[in-house]
Structure formats: C-alpha cells, structure tokens
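One-letter residues, chain by chain:
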Amino acid sequence: MQDPRDVIIEPIVSEKSYQMLEDGVYTFKVHPKSSKPEIRDAIESIFGVTVTKVNTLNRKGKRTRNRRTGGWGKRADTKRALVTLAEGDSIELFEV
C-alpha cells in the first residue's frame, strides 16, 4: 500500500472519540492489512502533523438477522487506529 489515502479510510465520529480529542488522540478507520508504521506515515503525510504513538485494534463484525428469509449474516470486520499526536499538533478536520 503506497498511497496514504488507501491506508486511512475515514475518521471515527463518536462520543468516546470526541472525549479523547482533549488528550490529543484521534481515531481513524484504517485498511485491515495496514501496519503501525504505515498508519504513522499516512497520518503525517496527509495532515502534516507529528505522530508519537499508534495503537490499533481489530473489531469483529456483528452478527445480523435477515427478517425476510430468517437467515443470518455478518457485518464487515474493521480495524481502528488510535493515533496520539505530539503536543501542540492538532487536526483541523475535527475542530468544528
């Protein structure tokens, strides 16, 4: 994965992610096969900030029921990255 925009899919917008913004921690949905160094390089190149730490977590998709057929399906598995920025840096995407 060479292009940084292929690594970072979208920002996560939730109450918990907004609470972590005060500590300089930003949450992103990332490509499932991306590594921590790839995520760090992608964030630094896209937003022009300095990343100090990257934590990742894999989330399994929920099991869902189809009402019409009565069968079961599954939502997609996702990978999230919790990115800690250097003190004084921020991403304007979340500042509204």
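Look up: the structure comes first, before these words.
Residues numbered from 1 in each chain as written. Predicted model: local features only at pLDDT ≥ 70, side-chain atom pairs only at ≥ 80, totals over all residues. Heavy atoms only, no water.

Student: Explain the overall build of the protein to me, using residue names and the numbers behind them.
Tutor: Helices and strands together make up the secondary structure of the protein, namely three helices and six strands. In sequence order, the secondary structure elements of the protein are arranged as α-β-α-β-α-β-β-β-β. By the compact-globule yardstick of 12 Å for 96 residues, the protein is too spread out, its C-alpha radius of gyration being 16 Å. The principal-axis extent of the C-alpha atoms belonging to the protein is close to 55 × 30 × 20 Å. For the protein, the proportion of its 96 residues judged to be buried stands at 29%. Between the averaged position of the 18 positive side-chain charges in the protein and that of its 14 negative side-chain charges there is a distance of 17 Å. (Helix = DSSP H or I, 4+ residues; strand = E, 2+ residues; numbered from the N terminus. Rg over C-alpha atoms; globule rule 2.2 N^0.38 Å. Buried < 20%, exposed > 50% of the residue type's maximum accessible area, 1.4 Å probe, protein only. Lys, Arg positive; Asp, Glu negative; His and termini not counted. Charge placed at Lys NZ, Arg CZ, Asp CG, Glu CD.)

Student: Residues and numbers for the packing of aromatic side chains, please.
Tutor: If you walk through the whole model with that rule in mind, you get one aromatic pair. The ring of Trp72 carries the charged tip of Arg63 above its face, separated from the ring centre by 3.8 Å. (Phe/Tyr/Trp six-rings, centres within 6.5 Å; stacked < 30°, edge-to-face > 60°. Lys NZ or Arg CZ within 6 Å of the ring centre and 35° of its normal.)

Student: With reference to specific residues and values, describe the sheet that holds strand β6 (residues 78–85).
Tutor: With antiparallel pairing, four strands are arranged side by side in an open sheet as β1-β2-β6-β3. Both edges of this open sheet fall to β1 (8–11) and β3 (51–59), since each of them pairs with a single strand only. The average undirected angle you get between the axes of adjacent strands in this sheet is 35°. Inspection of the sheet shows β3 paired to β6 by eight bridges, in the antiparallel sense. Counted as the bridge partner of Lys53 is Thr84 from β6. Helix α3 (residues 36–47) contacts β1, β2 (25–30), β3 and β6 of the sheet and is inclined by roughly 120° relative to β3. (Pairing = 2+ DSSP bridges. Axes fitted to C-alpha atoms, helices over the stretch in contact; angles between N-to-C directions. Contact = heavy atoms within 4.5 Å.)

Student: Now, about the nonpolar core: what can you tell me, with residues and values included?
Tutor: Ile8, Phe28, Ile39, Ile43, Val83 and Leu85 are the most contacted members of the largest nonpolar core, which totals 16 residues. Where this core is concerned, the elements lending two or more residues are β2, α3, β3 and β6. Discounting residues that sit within four places of it in the chain, Leu85 has contacts with Gly24, Tyr26, Val49, Thr50, Val51, Thr52, Ser90 and Ile91. (Core = buried A, V, L, I, M, F, W, Y, C linked by side-chain atoms within 4.5 Å.)

Student: Summarise the pattern of salt bridges; cite the residues concerned and give the values.
Tutor: If you walk through the whole model with that rule in mind, you get two salt bridges. Residues Lys29 and Glu10 are paired through a salt bridge, measuring 4.0 Å at the closest nitrogen-oxygen approach. One end of the pair, Lys29, is in strand β2; the other, Glu10, is in strand β1, and 19 residues separate them in sequence. With relative accessibility at 25%, the residue Lys29 sits in the partly exposed group. Across the pair Asp77 and Lys74 runs a salt bridge, and its minimum N-O distance is 2.7 Å. (Salt bridge = Lys/Arg side-chain N within 4 Å of Asp/Glu carboxyl O.)

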